[in-house]
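The lines below spell out each chain.
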Amino acid sequence: MYRLFSMGHFLDFLKLQYRRLRIGASMHRNDALGALHRAWGYVHATQMVGDYYEFGVYRGASLINSRLSQQHFRRHLERSRDLPFLRQGTVTLFLEHSPTFYGFDTFAGMPDNAEGEDSLAPGSFKADFDAVLRRCRHVGLGPPALQLFPGLFSQTSHNIGPHPAAIVHVDCDLFASAADALSAIAPRLTQGTILLFDDYNLFRADNCQGERRALAEFLRTHDITVEPWFAYGPASQAFICHHVVS
Ligand SMILES: C[S@@+](CC[C@H](N)C(=O)[O-])C[C@H]1O[C@@H](n2cnc3c(N)ncnc32)[C@H](O)[C@@H]1O
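This is a predicted model, so every value here is computed, not measured.

Asker: Requested: an account of the packing of aromatic side chains, with residues and values cited.
Answerer: Applying the stated criterion to the full structure yields 15 aromatic pairs. When the ring of Phe107 is compared with that of Phe129, the centres are 5.0 Å apart and the planes differ by 75°; the resulting orientation is edge-to-face. Of this pair, Phe107 sits in the loop between β2 (101-105) and α5 (129-137) while Phe129 sits in helix α5; the two residues are 22 residues apart in sequence, bridging distant segments of the chain. One aromatic cluster is present, formed by Tyr42, Trp229, Phe230 and Tyr232 through successive ring pairs. One Lys or Arg, Arg38, reaches over the ring of Phe230 and ends 4.1 Å from the middle of that ring. Here Arg213 stacks its cationic end above the ring of Phe175, 3.7 Å away from the centre of that ring.

Structure follows, in structure tokens:
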């Protein structure tokens, strides 16, 4: 339960109730929460065993949204266990794996960069790590299911887990950061992995900047292709990975 110590805690409480309401009442807008919800819906519909990765956690809003949606679909599938489907073990196998939520961020704000955007200046998006942990606890997410790694992606990439990635949420705006994130997660991308790029069309959709450039360069050097799935929010894009077997 929340203890209403401060205005900050009270606002966190209100935000969480709003998220729960949207998920519980199926109020899915075409925004990041709606995209995460759809991605978890797909993971459950296809019984894709894998973990959740987020590159760019900031205060934890999307991590919490992701957790709420995953819980929603898991409960739904658990309740359907007694339905007279032909069961060949796929649902059972899927439910045996509880996804780990991996979050990577400096938590000290944006790293040095030359993107030239005021809103992405080094040090912006500084977050209180303990407050992120507290917010995650309020949605039942703590270690070992939650794995948060403070530091630059390039320095924490060895903490990538052993299982395939079901959903990868890249929300770090910058070209170099997105390139580091993709190179870290590359060994865990598999057929059907969902890639969500929160800032895909930032920089007026310039192919030579930001997450767009990072994805294009990544695809040139890896045996992976991506299929556009849907666009969401003001500048975001979801893809489905196809693993090319060479
Ligand atoms: C837009 S915020 C993420 C927003 C978050 N997903 C949410 O739901 O509110 C971008 C984050 O990416 C982080 N970031 C960017 N580049 C990074 C890098 N190379 N290593 C670690 N963190 C990075 C920043 O610290 C910042 O917190």
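We are not done yet, so read on.
Asker: Outline helix α7 (residues 175-185), supporting the account with residue identities and numerical values.
Answerer: Every α-helical turn comprises 3.6 residues, leaving residues that sit three or four positions apart pointing alike. For α7, the set of buried residues is Phe175, Ser177, Ala178, Ala181, Leu182, Ala184 and Ile185. Structurally, α7 contributes buried residues whose contacts are with β1 (51-55), α6 (153-156), β4 (165-170), β5 (194-197) and α8 (210-221).

Asker: How would you summarise the pairing of β4 if you had to cite specific residues and measurements?
Answerer: Two faces make up the sheet, and in a regular strand the side chains alternate between them. Taking burial as the measure, the six residues of β4 include six buried ones, the bulk of the element. As paired strands, β1 and β4 are joined by five bridges and run parallel to one another. Counterpart to Glu54 in the pairing with β4 is His169. Relative to β5, β4 runs parallel, the two being bridged by four bridges. Looking at the pairing, His169 lines up with Leu196 of β5. This β-α-β element, β4 to α7 to β5, shows right-handed connectivity.

Asker: Report on the nonpolar core, specifying residues and quantitative values.
Answerer: Residues Val43, Leu63, Ile167 and Leu196 are the most contacted members of the largest nonpolar core, which totals 37 residues. Looking at this core element by element, the count peaks at seven residues for helix α2 (residues 32-45). Residues in contact with Leu63, not counting those within four places in the same chain, are Tyr52, Glu54, Val57, Phe101, Cys136, Leu146 and Leu148. Among the nonpolar cores identified, the runner-up in size contains 29 residues, and Ile160, Ala165, Leu182 and Phe239 belong to it.

Asker: Give me the pairing of strand β6 (residues 224-232): which residues, what numbers.
Answerer: Bridge count for β6 against strand β7 (residues 236-243) is eight bridges, and the pairing is antiparallel. Within β7, the residue paired with Ile224 across the bridge is His243.

Asker: Describe in detail the pattern of salt bridges, supporting the description with residues and values.
Answerer: All chains considered together, the criterion is met by six salt bridges. The partner of Arg134 in a salt bridge is Asp12, and the shortest N-O contact between them spans 2.8 Å. You can see Arg134 sitting in helix α5 and its partner Asp12 sitting in helix α1 (residues 7-24), a full 122 residues away along the chain. The salt bridge partner of Glu78 is Arg74, with a shortest N-O separation of 3.2 Å. Placement of the pair is Glu78 and Arg74 together in helix α3 (residues 61-79), with a separation of four residues, close to one helical turn. Given a relative accessible area of 35%, Glu78 falls into the partly exposed group. Assessed through its relative accessible area of 16%, Arg74 is described here as buried.

Asker: Kindly report on the site of the ligand, identifying the contributing residues and their values.
Answerer: By nearness alone, 19 residues border the ligand, and Gly56, Ser62, Asp105, Asp171 and Ser177 come closest of all. One of the backbone nitrogen or oxygen atoms of Gly56 is found 2.8 Å away from a nitrogen atom of the ligand. Between the ligand and Asp171, the relevant distance is 2.7 Å, taken from a nitrogen atom to a side-chain nitrogen or oxygen of the residue. Against a free-state accessible area of 600 Å², the protein chains account for coverage of 92% of the ligand. For the ligand, the cavity whose grid points lie within 2 Å of the majority of its atoms is the largest pocket. Partitioned by chemical class, the residues of the shell around the ligand number nine nonpolar, six polar and four charged.

Asker: Let's hear about empty space enclosed by the protein: which residues, and what values?
Answerer: Summed over the entire model, instances satisfying the criterion amount to one cavity of 30 Å³ or more. There is about 60 Å³ of room inside the largest cavity. Residue lining of the largest cavity: Trp40, Val43, His44, Met48, Val49, Gly50, Gln70, Arg74, Phe94, His97 and Pro99, and that is the complete set. Among the elements that line the lining of the largest cavity, the one with the most residues is α2, at three residues. Counted by class, the lining of the largest cavity contains six nonpolar, four polar and one charged residues.

The rules behind each value
Residues numbered from 1 in each chain as written. Predicted model: local features only at pLDDT ≥ 70, side-chain atom pairs only at ≥ 80, totals over all residues. Heavy atoms only, no water. Phe/Tyr/Trp six-rings, centres within 6.5 Å; stacked < 30°, edge-to-face > 60°. Helix = DSSP H or I, 4+ residues; strand = E, 2+ residues; numbered from the N terminus. Lys NZ or Arg CZ within 6 Å of the ring centre and 35° of its normal. Buried < 20%, exposed > 50% of the residue type's maximum accessible area, 1.4 Å probe, protein only. Contact = heavy atoms within 4.5 Å. Pairing = 2+ DSSP bridges. Right-handed = clockwise from strand over helix to strand, strands pointing away. Core = buried A, V, L, I, M, F, W, Y, C linked by side-chain atoms within 4.5 Å. Salt bridge = Lys/Arg side-chain N within 4 Å of Asp/Glu carboxyl O. Near = heavy atom within 4 Å. Polar contact = N/O pair within 3.5 Å; in protein donor to acceptor, adjacent residues only side chain to side chain. Areas by Shrake-Rupley, 256 points an atom, 1.4 Å probe, with all protein chains shown as cover. 1 Å grid on protein atoms, 1.4 Å probe; cavity = no way out; pocket = protein on both sides within 12 Å on 5 of 7 lines; lining within 4 Å. Sits in = over half its atoms within 2 Å of the grid points. Nonpolar A, V, L, I, M, F, W, Y, C, P; charged D, E, K, R; others polar. Points joined across faces, edges and corners; volume = space filled by probe spheres on them.

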